[in-house]
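# Structural characterization, general
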Amino acid sequence: MDRPVELLALAVSVARSASDLARRMRADGVAAVATKSTATDVVTAADRAVERHVRERLHEARPGDAVLGEEYGGERDRAPVRWILDPIDGTVNYLYDLPQYAVSLAAEVDGVVVAGVVRNAATGREWTATRGGGAFAGDRRLAVSGETDLAQALVGTGFGYAAQRRLHQARVLAGLIGHIRDIRRFGAASIDLCMVAEGTLDAYYEKGLNPWDHAAGGLVAAEAGALVTGLDGAPPGPDMVIAAPPGLHPALHDRLSELDAAGGP
Ligand code: IPD
């Protein structure tokens, strides 16, 4: 069955065992085993082991499904259900033992994300959502903050790994920071989106995210009442992801648009 609640139940079960594996491997010590796009974009043995674990469990339970994962990729095949996985979102935090890294797993049916779980593997905090069924942290239904004044908003963001992109992102931030309460950079996009869902951040934006960074967290934020978009009518994607309550989104969006936040390298 491809019902969102059933897909979510499997996602939660798999995310929990994957988180346990990540935490155990962290306790045994972590080192970068390779780099990807730049010298600071690292992969640990745990990123790979956790992704293999999730793939195996999904394959056992649902052999016909497709999987797109950060470390091993995945083709766009014709399977109606595709899982989108970040085995460890917040890899740099993981490397430094900062307790803000997550297993992020979403289920897409016919190209639409219908279920998602983000589990902070360090703390055990877990956020879930199904499309149309709301967003939850445990039994608690989540709702975004009521903030409507950009000048009062606590805004999360993140930075890519390439120097030129980071410079552009820093210029955008310089143009924004005088117009908001303050900025936070926690280092795991999936958790940032869940923080918008629960109102511990008023809003979040970032350029350069991959589907595995925002598929599950984006659904959690949207189901908690956030508008999750790109810039200037675009859907959320690599150019921009903005998540903010409806009363705050227009002001943040317009400021980011003026600053050409989706532009640059
Ligand atoms: C990164 C984190 C970070 C964000 C980067 C992502 P990774 O994912 O989500 O917060 O700023 O854009 O690439 O590499 O740790 O899986």
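Here the structure is shown first, and the text comes after it.
Bear in mind the structure is a predicted one, so any value in this text is a computation, not a measurement.

Basis of the calculations
Residues numbered from 1 in each chain as written. Predicted model: local features only at pLDDT ≥ 70, side-chain atom pairs only at ≥ 80, totals over all residues. Heavy atoms only, no water. Salt bridge = Lys/Arg side-chain N within 4 Å of Asp/Glu carboxyl O. Helix = DSSP H or I, 4+ residues; strand = E, 2+ residues; numbered from the N terminus. Buried < 20%, exposed > 50% of the residue type's maximum accessible area, 1.4 Å probe, protein only. Near = heavy atom within 4 Å. Polar contact = N/O pair within 3.5 Å; in protein donor to acceptor, adjacent residues only side chain to side chain. Areas by Shrake-Rupley, 256 points an atom, 1.4 Å probe, with all protein chains shown as cover. Nonpolar A, V, L, I, M, F, W, Y, C, P; charged D, E, K, R; others polar. Core = buried A, V, L, I, M, F, W, Y, C linked by side-chain atoms within 4.5 Å. Contact = heavy atoms within 4.5 Å. Phe/Tyr/Trp six-rings, centres within 6.5 Å; stacked < 30°, edge-to-face > 60°. Patch = residues over 30% accessible without salt bridge, like charges linked within 9 Å, V, L, I, M, F, W, Y side chains within 5 Å. Pairing = 2+ DSSP bridges. Axes fitted to C-alpha atoms, helices over the stretch in contact; angles between N-to-C directions.

Before going further, it helps to examine the pattern of salt bridges. Overall, the coordinates contain 13 salt bridges when judged by the stated rule. In this structure, arginine 140 and glutamate 198 form a salt bridge, with 4.0 Å as the shortest nitrogen-oxygen distance. Highlighted residues: arginine 140 in strand β9 (residues 140-141) and glutamate 198 in helix α5 (residues 189-198), separated in sequence by 58 residues. Judged by relative accessible area, which is 45%, arginine 140 ranks as partly exposed. Arginine 184 is paired through a salt bridge with aspartate 182; the nearest N and O atoms lie 3.1 Å apart. Connected through salt bridges with shared partners, the residues Asp2, Arg62 and Asp65 form a single ionic network.

Right, let's talk about the site of the ligand for a bit. Looking at the ligand, there are 16 residues lining it, with Asp89, Gly90, Thr91, Tyr161 and Glu206 nearest. A distance of 3.0 Å separates an oxygen atom of the ligand from a polar side-chain atom of glutamate 70. Notes on the ligand: free accessible area 380 Å², of which the protein chains cover 95%. For the shell around the ligand, the leading source of residues is strand β4 (residues 81-89), giving three residues. Of the residues in the shell around the ligand, the class split is six nonpolar, four polar and six charged.

Right, let's talk about the nonpolar core for a bit. Of all hydrophobic cores here, the largest spans 35 residues; its most connected members are Val118, Trp127, Leu142, Ile191, Val196 and Val220. Elements with a minimum of two residues in this core: β5 (102-109), β6 (112-120), β7 (126-130), β8 (134-137), α5, α6 (211-223) and β14 (241-244). Of the residues forming this core, the biggest block, seven residues, is contributed by α5. Non-local contacts of valine 196, meaning those with residues more than four positions away in its chain, are made with Val144, Ser145, Leu201, Asp202, Ala203, Tyr204, Ala226 and Ala243.

In this structure, histidine 253 sits in helix α7 (residues 249-258). Classification of histidine 253 as buried rests on a relative accessible area of 13%. At 2.8 Å, the side chain of histidine 253 forms a polar contact with the backbone nitrogen of aspartate 232. Beyond its immediate sequence surroundings of up to four residues, histidine 253 is in contact with Gly230, Leu231, Asp232 and Ile242.

As a further point, take the packing of aromatic side chains. Applying the stated criterion across every chain yields a total of one aromatic pair. On the basis of an interplanar angle of 85° and a centroid distance of 4.8 Å, the ring pair of tyrosine 94 and tyrosine 101 is categorised as edge-to-face. Take tyrosine 94: its relative accessible area is 0%, and that puts it in the buried class.

The subject of this paragraph is the side chain of threonine 157. Relative to the elements of secondary structure, threonine 157 occurs in the loop between β10 (154-156) and α4 (163-176). Residue classification places threonine 157 among the buried residues on the basis of a relative accessible area of 2%. If sequence neighbours within four positions are ignored, threonine 157 has contacts with Ile183, Arg184, Arg185, Asp192, Tyr204, Tyr205 and Glu206.

This next bit is on a nonpolar patch on the surface. Nonpolar side chains collect at one region of the surface, where Val92, Tyr96, Leu98 and Tyr161 lie side by side and expose about 390 Å² of accessible area between them. Take tyrosine 161: it is sitting in the loop between β10 and α4. Taking the relative accessible area as the measure of exposure, tyrosine 161 reaches 33% and is therefore partly exposed.

Taken together, the five strands give an open sheet; going across it, the order is β11-β10-β12-β14-β13, and neighbouring strands pair in mixed fashion. Of all the strands in the sheet, the pair left with one neighbour each is β11 (182-184) and β13 (227-229). Each neighbouring strand pair of the sheet contributes to a mean axis angle of 20°, computed without reference to strand direction. Across three bridges, the pairing between β10 and β11 is parallel. Bridge assignment links glycine 156 to a residue of β11, and that residue is arginine 184.

The phi angle at aspartate 110 is positive, at roughly 50°, despite the residue not being glycine. Along the chain, the position of aspartate 110 falls in the loop between β5 and β6. Looking at aspartate 110, the relative accessible area reads 63%, which means it is exposed. A positive phi angle, close to 55°, is found at aspartate 232, a residue other than glycine.

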